[in-house]
Amino acid sequence: MKCNEVIRKEHHRFVFLEIDHTFYFVKSFILLGKLHDARLETLQIRDLSNEKPMEAVPIEELSDRAMDILSEEVTLVRIGNELRYITREDFLLSLMSDADQSKMGWLHSLFSSIPKGLMVVNLEYTVVNSNAESIRMLCTTPQQMIGRRLDELLGSSPFQQVQLTQIPLLNQLITLPNNQGAVLVDFVPLIEGGVMTGFALVLQDLPTVNSMAMELDSVKNLNADLETILSTIYDEIIVVDREGRLLRASAHYIETHWERAPKEWIGEQIFQVKSARDLVCQVIRKVQKTGIKVSLMQKEGEAPLLSVGNPIFTKDGKPDRIVVASRDLTEMARLQRELEFTRKQSENYRKKYEELQDRLPSARGGGMVFASPSMFEVMKEVERISQFSATVLLTGESGVGKEVVANAIHSLSARRDHPLIKINCASIPESLLESELFGYVKGAFSGARSEGKSGLFIKADKGTLFLDEISELPLNIQSKLLRAIQEREVYPVGATTPVKFDVQIICAANRSLEELVEKGEFRADLFYRINVFPIHIPPLRERKEDIAVLAHHLLHEFNQMYNRNLRFSRASIELLEAYEFKRKN
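Notes on the structure in this doc start here. In this text, all values refer to a predicted model and were calculated from it rather than measured experimentally.

Quick look at the pairing of strand 17 (residues 392-395)
Residues in a regular strand point their side chains to alternate faces of the sheet. Note: strand 17 against strand 24 (residues 504-509), four bridges, orientation parallel. In the strand pairing of strand 24, V392 is matched with I506. Where strand 17 lies against strand 25 (residues 533-536), four bridges are found, and the strand directions are parallel. Bridging across to strand 25, L393 finds its partner in P534.

Okay, here's the thing in structure tokens:
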């Protein structure tokens, strides 16, 4: 009969093999699995998953070596020229059944010295013997433990199951009464002559189990954190052992340098996966050779690459692993080109700004102050428009600097040596607005000057007239303003003959004239007449680059005015730049 058939038929728990004069034992079900496709005589020790070398203990030495025997699941025993085995449960039962009180005392001492809780319980679930650890774990005293029924503490279900099946019940988590904690308990049947005579209990303190579980959870969490970090890093990260075997790889990798994802090559030799000329392989070889950090760059080709290798050493200083971080420099090269382009553009802006500053007259001690590209575009329009005398419409929110731009247009134009007259249409009462704009003649109305008065259009002759807040003009004045712009002449109040003028008109509005036209609050024909050269001035929140230069410019003026030497801190400038500068409703 074949060996595996004998094992199945006789239900052997253990099988012993003698190989090279050394005994080994293995669980029978493991051996059956190994014999499925192999003969016993060809079986090698490395084929056994639970191989354990052992010696045959003479039967007369069993008592003297009780500690060793109790620590093993099974012991091979030599009786004369025969070999037999004894299980831990059988040996424990033989000790318990011995009437020799000296051996019972020895057994009690043995129980007390074992760090785990050990108990022997009879079939009535009453404690026969126990060590000090079990008493501590069950939160009781030696006096209370004598003759105590354990089903009151641990429940009757585990005892009943083991008694019914006569099979050990392991790793049972038992919660003690009155919230006194919990223990892990192994219930093992004690069998003598085929008859169950009691139970052996092995107790393990839960804090120890918790500590092991927490340590395991800590390792798991650390591994999860590492995986998360690797998945979020932009660079490609791989880890190899000292022989170059791939151990770990990040989710992100440089696709142009791999046939497939590096994670699919885990366990493979990196030098077999990639060419020896590959940059990553060169880095690993150099780290293996030098034992220091190595950085190499590959500039050839369309995809430049940078790889950095770092060696990791064991506690005794021996090389253990190599971490290689690689970065595709294609995007960096593109950003570098864009940065260089931006630098050149900024330099051009700076030169144009300096040229423009030289051409603009000072205003309150300084000319136009700006640094943003959007204001450079505005000033390019100002330069272009200043060459003509056409009507200009400046739009933008209150405070964006429409009057400053009007000053710049006038200063850059051929009319710079003639007057720049400014009027805020919202600040003059409607009854006086017409006479202020167009003037009046002698006796035009009661209270008028006897010699009459020239209007602002006439005063600005040969120069520039700036009409701020033009959206606030009454409709009847709008019609007269339209005629004045069309005909280039005005009728002073009370006059019967027109007066000619030569003026460049600059209008400004902080409200949408298109919306006012739709509402009927502004004449459409006047809007089209003044909207010849529109310039929109962006608000400060859209040109953050101007905040710092404006702040320093104003502080410089105030320092000169009050003879101070104040400075802005970097934090205060950052605070100003972070301000939202919301539009006022």
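That was the structure; now back to the text.
Remarks on a nonpolar patch on the surface
Together, L554, F558, M561 and Y562 make up an exposed nonpolar region whose accessible area comes to about 430 Å². The topology assignment puts F558 in helix 21 (residues 545-562).

Some thoughts on the sheet that holds strand 18 (residues 420-424)
Reading across from one edge, 18-21-24-17-25 is the order of the five strands in this open sheet, with parallel pairing throughout. Two strands bound the open sheet, and with one partner strand each, they are strand 18 and strand 25. Here the strands of the sheet are splayed against their neighbours by 15 degrees on average, with no regard to which way each runs.

A look at the pattern of salt bridges
Pairing is possible between side chains of opposite charge, provided their charged atoms come close. According to the stated counting rule, one finds 22 salt bridges in the structure shown. Put simply, E574 and R570 hold a salt bridge, and the shortest N to O gap is 3.7 Å. With a gap of four residues between them, E574 and R570 both fall in helix 22 (residues 570-578), about one helical turn apart. According to the relative accessible area criterion, E574 is partly exposed, its value standing at 47%. Linked by salt bridges that have partners in common, E472, R511 and E521 make up one network.

Quick word on the packing of aromatic side chains
Tallied over the full model, the rule gives nine aromatic pairs. With centroids separated by 5.1 Å and ring planes inclined at 80 degrees, the aromatic side chains of F159 and F199 adopt a geometry described as edge-to-face. Of the two residues, F159 sits in helix 9 (residues 157-165) while F199 sits in strand 11 (residues 195-205), which places them 40 residues apart along the sequence. The structure contains a cluster of three or more aromatic residues connected by ring pairs, namely Y125, F159, F187 and F199. Over the aromatic face of W265 sits the side chain of R260, whose NZ or CZ is 3.7 Å from the ring centroid. Between the NZ or CZ atom of R285 and the centre of the ring of F271, over which it lies, the distance is 3.6 Å.

Here's the deal with the pairing of strand 21 (residues 464-468)
Of all the five residues making up strand 21, five are buried; the element is thus mostly covered by neighbouring parts of the structure. Both faces of strand 21 are covered, namely the face carrying T464, F466 and D468 and the face carrying L465 and L467. Examined bridge by bridge, strand 18 and strand 21 share five bridges and lie parallel to one another. Within the sheet, the bridge partner assigned to N424 lies in strand 21 and is D468. Inspection of the sheet shows strand 21 paired to strand 24 by four bridges, in the parallel sense. Considered in strand 24, the bridge of T464 is made with Q504.

Comments concerning the state of the cysteines
Inspection of every chain in the model, using the stated rule, returns zero disulfides. Left without a disulfide partner, C425 is nearest to the cysteine sulfur of C507, which lies 7.7 Å away. Relative accessible area serves as the criterion here: at 0%, C507 is assigned to the buried category.

A short note on the packing of helix 21 against helix 22
At a minimum axis distance of 9 Å, the contact between helix 21 and helix 22 shows a crossing angle of 125 degrees. Considered as vectors, helix 21 and helix 22 are oriented oblique to each other. Helix 21 and helix 22 meet at a crossing whose hand is right-handed. Residues I547, A548, A551 and H552 of helix 21 lie in contact with helix 22, whose contacting residues are I573, L576 and E577.

Cut-off values and rules
- Residues numbered from 1 in each chain as written.
- Predicted model: local features only at pLDDT ≥ 70, side-chain atom pairs only at ≥ 80, totals over all residues.
- Heavy atoms only, no water.
- Pairing = 2+ DSSP bridges.
- Helix = DSSP H or I, 4+ residues; strand = E, 2+ residues; numbered from the N terminus.
- Patch = residues over 30% accessible without salt bridge, like charges linked within 9 Å, V, L, I, M, F, W, Y side chains within 5 Å.
- Areas by Shrake-Rupley, 256 points an atom, 1.4 Å probe, with all protein chains shown as cover.
- Salt bridge = Lys/Arg side-chain N within 4 Å of Asp/Glu carboxyl O.
- Axes fitted to C-alpha atoms, helices over the stretch in contact; angles between N-to-C directions.
- Buried < 20%, exposed > 50% of the residue type's maximum accessible area, 1.4 Å probe, protein only.
- Phe/Tyr/Trp six-rings, centres within 6.5 Å; stacked < 30°, edge-to-face > 60°.
- Lys NZ or Arg CZ within 6 Å of the ring centre and 35° of its normal.
- Disulfide = S-S within 2.5 Å.
- Parallel < 35°, antiparallel > 145°, perpendicular 65-115°, else oblique.
- Left-handed = near helix turned anticlockwise from the far one by under 90°.
- Contact = heavy atoms within 4.5 Å.

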